[in-house]
2 protein chains.
Amino acid sequence: MKILHSMPCEDGFYMPAEFSEHYGCIMIWPHRRDSWQYGAYAARKAFAKVAEEISKSEKVIILARYDDYDSARFMLPPQIKVVEMESDDSWARDVAPTFVTNGKDIRGIDWGFNAWGGLVDGLYFPWDRDNRIARKICDLLDKDTYDKRNFILEGGSIHTDGEGTLITTEACLLSKGRNPDMSKEEIEEMLKKTLGIKKIIWLKSGIYNDETNEHIDNICAFTAPAEVVLAWTDDKNDPQYEMSKSCLDILENSTDAKGRKIKVHKLPLPKPVYIMAEECNGLDDMNGEPTRTPNERLAASYVNFYISNGSVICPQFNDENDKKALEILKELFPTRNVVGIYARDILIGGGNIHCITQQIPRFE
Amino acid sequence: MKILHSMPCEDGFYMPAEFSEHYGCIMIWPHRRDSWQYGAYAARKAFAKVAEEISKSEKVIILARYDDYDSARFMLPPQIKVVEMESDDSWARDVAPTFVTNGKDIRGIDWGFNAWGGLVDGLYFPWDRDNRIARKICDLLDKDTYDKRNFILEGGSIHTDGEGTLITTEACLLSKGRNPDMSKEEIEEMLKKTLGIKKIIWLKSGIYNDETNEHIDNICAFTAPAEVVLAWTDDKNDPQYEMSKSCLDILENSTDAKGRKIKVHKLPLPKPVYIMAEECNGLDDMNGEPTRTPNERLAASYVNFYISNGSVICPQFNDENDKKALEILKELFPTRNVVGIYARDILIGGGNIHCITQQIPRFE
């Protein structure tokens, strides 16, 4: 593996859409005691279900800490590869590389990671184990890596159509905890040069109470070029209403890199989901403070799905909108198997199915 | 990766000779402070030279602990893959799987490892990190693994011609620290069934003061079917003389699995090599006791070479026999590049080039 310091776009590389063909998917076996209740057993079962579904149509590689290797190996079916790797938490989307392709081979971008805000409003300290994962994954795959550790970015904060358009949120990318010394224009320039982007659509905000500073991947996702799903509620008393409405207005008044209007499909939100005291009781404190308090609203959203080669895997919450969300996705992904997986045990950790996965594009 | 409990020979698998074609080689980045003097810097340089030479003709995968990943990555050239993995020490020959083949695919045997003698005369405690390496390497390579952890064996204690013959030493395999509840016949049976062996040639002993209980790979190695090199001294005052002479007598009176007489090529030993006080001063104590004492004789031998696809890599000791050993190997390996690497900094750790490598046979 070579460590490169050039810009991917100068080398003819760009970030493909998630719905392009994959070689496989990276996930991380959950372990953190202040993120995952009661020793992460319920979370591990949910992660295993997601991994098994993905493994039906692409290679799945699960990273497990030294102490957790056997747990992962014996809870996962044999077609899934388990690889020892240290981590601080289990959000592959945000700590694994963002892969770029030149149509033949792939390379991985190793962004800086500071636990969603570093010493300003990050969620844990230290985060060095997470920050070192991306490079090691590239080494594992024998793929060269771009060292962009001087730019803080999580994979969950960007979505691309693979045709030059990127969507993101200002709430996250312009947050004070990430790249406070860079202007919006400088951040745009960095995204364009690293990801091969021509046009960036900036939404203001994401999902209410989303502790990632409102990652794009919980509110809006490309389902095809010039088509997105947007997390939506009709309840004007819900603070989410204004947030989603603002996104809708921006999207409906935007064109993509190829000049096309964006078609927006509303994906209904589940009713607000709250953490329970019983769940909070299974979490370690952090520095003597609880990481979750009973009745805290969780950032539940059906948009947080993963697109594998053969399926679209969508979180379910035992909500009356569960089925509706799957039906909408079935219409939008007619060639894929749309699968719902009950995901409360992932949501409690602070994200969902998209957040715990990172696709590896196909290579020759 | 599947974890198998059958016997490889029943599944049509056997251990190929080291001089058969390889996919690649496993090594482990040295780190142990009571094995490698002065923070293992000199050892790392020597390991890197060996790895680089091997990488000219086959894939090299280096396992590095979390803390050592960057050290390995930046000291090694990009064609070498560095993979995070915990270990207690750095002897890939003894802790990586012994691979078996059916002519198309390979599988790895995961032997029990107890640091060369467990609580009887093992060299360190605990050894659980080492004992867990073999399974994880198979997972990394997507190759199924045989769980034989109930049988203690190190890769350095066996050599095979790939045609049904195995050589080993009684000093090691019948030692009290390994499988004390098994008879010699039961051990033979285990080796035959796991490695596809028909005939075992038992030498009595190995190299004088070899702390592995005298591994075969330091005294005798196959160079071709029915041909071996044997570490040799003509100095009758050296305790090694009687040990090597005993091996010679046994080998010259043995036939292999195919009924052929064994041709023995004497490979001269270097003059006795002793560790110096200055080197001992760079080693941590173990439980308050030194692991090496000044003027201790080290088990130096040219037989501890590695056969890669393109070369034979032989330790050198700044000894007058260095060149002679290379010349003999050149005659025995006419199609390979015979390369000497100065290896005192590996020898100090307790083994040599063969001990720090483990070949992965070619697969389709």
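Structure shown above.
How each quantity is defined
- Residues numbered from 1 in each chain as written.
- Chains lettered and ligands numbered in written order.
- Predicted model: local features only at pLDDT ≥ 70, side-chain atom pairs only at ≥ 80, totals over all residues.
- Heavy atoms only, no water.
- Buried < 20%, exposed > 50% of the residue type's maximum accessible area, 1.4 Å probe, protein only.
- Helix = DSSP H or I, 4+ residues; strand = E, 2+ residues; numbered from the N terminus.
- Pairing = 2+ DSSP bridges.
- Core = buried A, V, L, I, M, F, W, Y, C linked by side-chain atoms within 4.5 Å.
- Contact = heavy atoms within 4.5 Å.
- Buried area = accessible area lost by both parts, 1.4 Å probe.
- Salt bridge = Lys/Arg side-chain N within 4 Å of Asp/Glu carboxyl O.
- Polar contact = N/O pair within 3.5 Å; in protein donor to acceptor, adjacent residues only side chain to side chain.
- Lys, Arg positive; Asp, Glu negative; His and termini not counted.
- Least-squares fit on C-alpha atoms with pLDDT ≥ 70 in both.
- Axes fitted to C-alpha atoms, helices over the stretch in contact; angles between N-to-C directions.
- Phe/Tyr/Trp six-rings, centres within 6.5 Å; stacked < 30°, edge-to-face > 60°.
- Right-handed = clockwise from strand over helix to strand, strands pointing away.

Participant: Help me understand the pairing of strand β17 (residues 311-316) of chain B, please; the structure alone is not making it clear to me.
Facilitator: Along any regular strand the residues' side chains alternate between the sheet's two faces. All names here are of chain B. Counting buried residues along β17, six of its six residues qualify, which places the element largely inside the surrounding structure. Residues Ser-311, Ile-313 and Pro-315 line one face of β17 and the alternating positions Val-312, Cys-314 and Gln-316 line the opposite face, and both faces are buried. Relative to β17, strand β16 (residues 306-307) is paired through two bridges, and the arrangement is antiparallel. Following the sheet pairing, Tyr-306 is matched in β17 by Ile-313. Here β16 hands over to β17 after three residues, the two strands then running antiparallel side by side.

Participant: I keep staring at the nonpolar core and nothing clicks. Help me out?
Facilitator: Across soluble globular proteins, you tend to see nonpolar side chains buried next to one another. Counting residues in hydrophobic clusters, the biggest one holds 107 residues, and the most contacted among them are A:Met27 and B:Met27. Filtering out sequence-adjacent residues up to four positions away, A:Met27 remains in contact with A:Phe47, A:Val50, A:Ala51, A:Ile54, A:Val60, A:Ile61, A:Ile62, A:Leu63, A:Ala92, A:Ile356 and A:Thr357.

Participant: Which parts of the structure should I look at to understand unusual backbone geometry?
Facilitator: The bulk of non-glycine residues show a negative phi, and the bulk of peptide bonds are trans. Omega for the peptide link from A:Phe125 to A:Pro126 comes to -5°, which places this bond in the cis form. By the secondary structure assignment, A:Pro126 is in the loop between α4 (118-121) and α5 (128-131). Of note, the phi angle at B:Asn287 is positive, near 50°, even though the residue is not glycine. Residue placement: B:Asn287 occurs in the loop between α10 (277-280) and β15 (297-298). Given the relative accessible area of 76%, B:Asn287 is considered exposed.

Participant: Mind showing me how you'd approach the interface of chain B and chain A here?
Facilitator: Often, the extent of an interface is quoted as the loss of accessible area upon association of its parts. Facing the 26 residues of chain B at the interface are 26 residues of chain A. Together, the buried faces of chain B and chain A total about 2400 Å²; carbon and sulfur atoms form 46% of this surface. The tally of links between chain B and chain A comes to 10 salt bridges. Here A:Asp142 ties to B:Lys81 by a salt bridge, and the two come within 3.0 Å at their closest N and O atoms. Inspection of the region where chain B meets chain A yields 23 residue pairs in polar contact (both at pLDDT 80 or more). At the level of elements, α2 (69-75), β4 (81-84), α5 (128-131) and α6 (133-140) of chain B are the ones that each hand at least two residues to the side of chain B that touches chain A.

Participant: What should I look at first to understand the side chain of A:Glu58 in this one?
Facilitator: Residues and elements named next belong to chain A. Assignment of secondary structure puts Glu-58 in the loop between α1 (41-54) and β3 (59-64). Notably, Glu-58 is buried but unbridged: the nearest opposite-charge side chain belongs to Arg-336, and the N-O separation is 7.1 Å. At 3.0 Å, the side chain of Glu-58 and the side chain of His-22 are in polar contact. Separated by 2.8 Å, the side chain of Glu-58 and the backbone nitrogen of Asn-309 make a polar contact.

Participant: For this particular structure, what's the right way to read the relation of the copies chain B and chain A?
Facilitator: For these two chain copies, the linking operation is a rotation about an axis paired with a shift along it. Mapping chain B onto chain A is achieved by rotating through 180° and translating by 0.0 Å along the same axis, at an RMSD of 0.0 Å. Put plainly, the chains are arranged around a two-fold axis. Mapped onto chain A, 100% of the interface residues of chain B are again interface residues, and the two copies thus contact each other with one and the same surface.

Participant: Help me understand the pattern of salt bridges, please; the structure alone is not making it clear to me.
Facilitator: Side chains bearing opposite charge may pair, as long as their charged atoms lie close to each other. All told, the structure shown has 65 salt bridges over all chains when counted by the stated rule. We note a salt bridge from B:Asp128 to B:Arg129, for which the minimum N-O separation is 3.9 Å. A salt bridge links B:Asp249 to B:Lys245; the shortest N-O distance between them is 3.0 Å. Here B:Asp249 pairs with B:Lys245, and both are found in helix α9 (residues 239-252), just four residues apart, close to one helical turn. For B:Asp249, a relative accessible area of 33% gives the class partly exposed. The network of salt bridges with common partners includes A:Asp110, A:Arg135, A:Asp147, A:Arg149 and B:Asp70.

Participant: What exactly am I supposed to notice about the sheet that holds strand β9 (residues 165-169) of chain B here?
Facilitator: Sheet strands pair via backbone hydrogen bonds, and the direction of the pair is either parallel or antiparallel. Residue and element names in this part refer to chain B. Taken in spatial order, the three strands line up as β8-β9-β10 in an open sheet, and their pairing is mixed. Looking at strand neighbours, the two that pair on one side only are β8 (159-160) and β10 (199-203), the edges of this open sheet. Direction of pairing for β9 relative to β10: parallel, over a ladder of five bridges. Across the sheet, Leu-166 pairs through a bridge with Ile-200, a residue of β10. Lying over the sheet, helix α8 (residues 184-195) contacts β9 and β10, oriented at roughly 130° with respect to β10.

Participant: Sorry if this is basic, but what is going on with the packing of aromatic side chains here?
Facilitator: To describe a pair of aromatic rings, you give the distance between the ring centres and the angle between the ring planes. All names here are of chain B. If you walk through the whole model with that rule in mind, you get 20 aromatic pairs over all chains. Considering the side-chain rings of Tyr-23 and Phe-363, the 5.0 Å spacing of their centres and the 40° angle between planes classify their relative orientation as tilted. Within this pair, whereas Tyr-23 is found in strand β2 (residues 22-28), its partner Phe-363 is found in the segment after β19 (358-361), the two being separated by 340 residues in sequence. We classify Phe-363 as partly exposed; its relative accessible area is 22%.

Participant: How should I be thinking about helix α6 (residues 133-140) of chain A in this particular structure?
Facilitator: For the α-helix, the turn length of 3.6 residues means that residues three or four positions removed from each other point alike. Most of α6(A) sits out of view: eight of its eight residues are buried. Taken as a whole, α6(A) has its buried residues at A:Ile133, A:Ala134, A:Arg135, A:Lys136, A:Ile137, A:Cys138, A:Asp139 and A:Leu140.

Participant: Help me out: how do you make sense of the sheet that holds strand β7 (residues 145-152) of chain B in this one?
Facilitator: All names here are of chain B. Pairing is mixed across the open sheet formed by four strands, whose spatial order is β1-β7-β6-β5. Among the strands making up the open sheet, the edge pair consists of β1 (3-4) and β5 (98-101). Direction of pairing for strand β6 (residues 106-112) relative to β7: parallel, over a ladder of five bridges. Pairing of Asp-110 across the sheet is with Asp-147, part of β7.

Participant: Help me understand the pairing of strand β12 (residues 227-232) of chain B, please; the structure alone is not making it clear to me.
Facilitator: All names here are of chain B. β12 sits mainly inside the fold: five of its six residues count as buried. Here strand β11 (residues 220-224) hands over to β12 after two residues, with Ala-226 in that stretch at a positive phi of 65°. Here six bridges tie β12 to strand β13 (residues 263-268), and the two strands are oriented parallel to one another. By the bridge assignment, Ala-231 is partnered in β13 with Leu-267. Note on the crossover from β12 through α9 to β13: the handedness is right-handed.

Participant: Would you take a moment to explain the side chain of A:Ser175 for this structure?
Facilitator: Residue and element names in this part refer to chain A. Position of Ser-175 relative to the elements: it lies in the loop between α7 (170-173) and α8 (184-195). A polar atom in the side chain of Ser-175 sits 2.9 Å from the side chain of Arg-178. With residues up to four places along the chain from it excluded, the contact list for Ser-175 reads Glu-170 and Asn-213.

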